[in-house]
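Tertiary structure, described
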Amino acid sequence: MLDIHEFVLRMRLAQDVIEAWVAEGWLRPQRSDQGLAFTEMDISRAQLIRDLREDLGVNEEGIAIILDLIDQMHGLRKTLRELCEAVGIQPADLQQRILADMRSRRPIPMKGPEAP
Amino acid sequence: MNEDPYSVLGVKKDASQDDIQKAYRKLAKKLHPDLNPGNKKAEEQFKAVSAAYDLLSEPEKRARFDRGEIDASGQERPRQRYYRDFAGGAAGHHPYTSSEGFSDFSDEGDLFSSLFGRGGRMNLKMRGQDVHYRLPIAFLEAVNGTTRRVTLSDGSPVDVAVPPGARDGQVLRLAGKGGAGIGGGPPGDAFIEIIINPHPLFTRKGDDIYLELPVSLTEAVLGGKISVPTPTGTVSMNVPKGSNTGTVLRLRGKGVPRSNGTRGDQYVKLRVVLPDKPDPDLEKFVQSWAAGKAHDPRRGMEA
């Protein structure tokens, strides 16, 4: 755990910038009696925000949208992985039935020239 | 990293600082590992692009590289772990956990929301799955209603009451006849889709029944009472004098029962048929029938 001063040093960013990101909800450190407490995960997330802002030229609104979509994507990926693992331990014939059912839900591609 | 940083970024040697930044941003947006959590190759490519940009983004370093004073190696930024390594790791709940990506899945049934919803993994109590069946029934069974004993997927028999006037594709719900609940949860429902097989005589449009009915020449010319099959049995119908092929007669209230107690109608379309074998008397009569020779049913059809 890092307090805000250690976090500022690690990130080489101004303290008020970090505080603004916390206020926006982009960073969600734990709050204790001694103040904010940051994890390694918070560091990597702050580095992502810095990448988006400085290297990729994303503005404030864009960062909020991207973070929200990334959080959703990780939630979906986690759930999908859990689902795959749960299916993976089922009997082989059940797995085959699930795969066949999933395939049957996909639309059959139409043949012919592509629309312009 | 020994590749030429200009070719890594896809810019010319004399590109402006602005062009170099644009080229880098374009590639970085595509390759940043946190924007590609499932793509391992993106990280390698991103490293190469970042290293090239590190070198070329500072005019001083770039000039030294151009003069050959430094080479392209050793410029990789020591990169920390990416956010995806934490967010995508096996760790359970963290402050950035989001289930918004499938929060609407709960509309489709409770399976997803109870399995994966916020905090849903603790002492899992889950409603059983809904089970879907298709039940083919005869045309008249659908019109008049029926009770069918079917065997569910768990082997238990159940009586399905098909209401009179059931429509093709109508879904009947048998509450609690689906999969068993988990952890004391209630069972799911069974949904039974009605498939109506066609009838050799009758067709159906909405609540009305259509029937094509052959009548003899005598019945068509002179009129009279004839018997007509309907879904509820044979009824007697009056054919008016001078009826023709294509004449449609309506039997009010002989159609499909509606839920409000009334019924649709049956429409009977007449088709005049001659006797199976040529009849000498009929021929003799038509020979002597002068008006028949003057009658031209194809008048106005000349193309």
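A brief look at the structure comes next. (Residues numbered from 1 in each chain as written. Chains lettered and ligands numbered in written order. Predicted model: local features only at pLDDT ≥ 70, side-chain atom pairs only at ≥ 80, totals over all residues.)

Before going further, it helps to spend a moment on the overall build of chain B. Scanning chain B from N- to C-terminus turns up ten helices and eleven strands. Within chain B, buried positions represent 19% of all 303 residues. At a minimum sequence separation of 6, the contacts of chain B that also span at least 24 residues come to 52%. (Helix = DSSP H or I, 4+ residues; strand = E, 2+ residues; numbered from the N terminus. Buried ≥ 20, exposed ≤ 12 C-beta atoms within 10 Å, placed from the backbone. Contact = placed C-beta atoms within 7 Å.)

This paragraph deals with the sheet that holds strand 7 (residues 208-216) of chain B. Residues and elements named next belong to chain B. Spatially, the four strands line up as an open sheet ordered 6-7-11-10, and their pairing is mixed. Unpaired on one side and paired on the other, strand 6 (202-205) and strand 10 (248-251) mark the two borders of the sheet. Pairs of neighbouring strands in the sheet enclose a mean axial angle of 30°, with direction left out of account. The sheet contact formed by strand 10 and strand 11 (residues 266-273) spans four bridges and is antiparallel. Bridging across to strand 11, Arg250 finds its partner in Tyr267. (Pairing = 2+ DSSP bridges. Axes fitted to C-alpha atoms, helices over the stretch in contact; angles between N-to-C directions.)

All right, on to the packing of helix 2 (residues 17-31) of chain B against helix 3 (residues 40-57) of chain B then. Residues and elements named next belong to chain B. With their axes 10 Å apart at the nearest point, helix 2 and helix 3 run at an angle of 160° to one another. As summarised for this structure, helix 2 and helix 3 are arranged roughly antiparallel, according to the angle between their axes. Every pair of crossing elements has a handedness; the one defined by helix 2 and helix 3 is left-handed. Packed against helix 2, whose contacting residues are Ile20, Gln21, Tyr24, Leu27, Ala28 and Leu31, the element helix 3 presents Ala42, Gln45, Phe46, Val49, Tyr53, Leu56 and Ser57 at the interface. Partitioned by chemical class, the residues of the contact of helix 2 with helix 3 number ten nonpolar, three polar and no charged. (Parallel < 35°, antiparallel > 145°, perpendicular 65-115°, else oblique. Left-handed = near helix turned anticlockwise from the far one by under 90°. Nonpolar A, V, L, I, M, F, W, Y, C, P; charged D, E, K, R; others polar.)

Our focus in this paragraph is the nonpolar core. Met11, Trp21, Trp26, Ala46 and Ile49 of chain A are the most contacted members of the largest nonpolar core, which totals 18 residues. Mapped onto this core, the elements with two or more residues apiece are helix 1 (4-11), helix 2 (15-24), helix 3 (40-55) and helix 4 (60-88) of chain A together with helix 5 (83-87) of chain B. In terms of residue count, helix 3 of chain A provides more of this core than any other element does, five residues in total. Residues in contact with Met11 of chain A, not counting those within four places in the same chain, are Ile18, Ile43 and Ala46 of chain A. One finds Val8, Leu9, Ala52 and Tyr53 of chain B within the second-largest nonpolar core, a separate group that totals 15 residues. (Core = buried A, V, L, I, M, F, W, Y, C linked by C-beta atoms within 7 Å.)

Before going further, it helps to spend a moment on the environment of Asp189 of chain B. Residue and element names in this part refer to chain B. Within the secondary structure layout, Asp189 lies in the loop between strand 4 (171-174) and strand 5 (190-196). It is 8.6 Å that separates the C-alpha atoms of Asp189 and His132, two residues lying 57 residues apart in sequence. Contacts of Asp189, omitting those with residues within four sequence positions, involve Asp130, Arg173, Leu174, Ala175, Gly176, Lys177 and Gly178.

Now for helix 3 of chain B. Residue and element names in this part refer to chain B. An ideal rise of 1.5 Å per residue puts 26 Å on 18 residues; helix 3 measures up with 26 Å between its terminal C-alpha atoms. Buried residues of helix 3: Phe46, Val49, Ser50, Ala51, Ala52, Tyr53, Leu55 and Leu56, and no others. Packed against the buried residues of helix 3 are helix 1 (5-9), helix 2 and helix 4 (59-66). (Expected span 1.5 Å × (residues − 1).)

Now for the sheet that holds strand 5 of chain B. All names here are of chain B. Read from one edge to the other, the open sheet built from three strands follows the order 1-5-4, with strand pairing classed as mixed. On the outer flanks of this sheet lie strand 1 (131-137) and strand 4, each paired with one strand and no other. Neighbouring strand axes in the sheet, compared pairwise and without regard to direction, differ in orientation by 25° on average. As judged from the seven bridges shared by strand 1 and strand 5, these two strands associate in the parallel manner. Each residue of the ladder has a partner; that of Ile137, found in strand 5, is Ile196.

Each partner contributes residues to the interface: chain B has 24 residues there, and chain A has 21 residues. Those elements that provide at least two residues to the side of chain B that touches chain A are helix 2 and helix 5 of chain B. Broken down by element, the side of chain B that touches chain A gets its largest block of residues, four residues, from helix 5 of chain B. Here the side of chain B that touches chain A is composed, by residue class, of ten nonpolar, eight polar and six charged.

This part covers the environment of Pro163 of chain B. Residues and elements named next belong to chain B. Mapped onto the fold, Pro163 is located in the loop between strand 3 (157-162) and strand 4. A count of 14 C-beta atoms within 10 Å places Pro163 in the partly exposed class. Considering only alpha carbons, one finds Pro163 and Pro257, 94 residues apart in sequence, at a separation of 9.4 Å.

Not every positive phi belongs to a glycine, and Arg12 of chain A is a case in point at roughly 55°. By the element assignment, Arg12 of chain A lies in the loop between helix 1 and helix 2.

Regular strands have side chains that alternate between both faces of the sheet. Residue and element names in this part refer to chain B. Of the strand pairs in this sheet, strand 2 (residues 146-151) and strand 3 are connected by six bridges, and their pairing is antiparallel. Bridge assignment links Arg149 to a residue of strand 3, and that residue is Asp159. Linking strand 2 back to strand 3 in an antiparallel pair, the connection comprises five residues, with Gly155 at a positive phi of about 90°.

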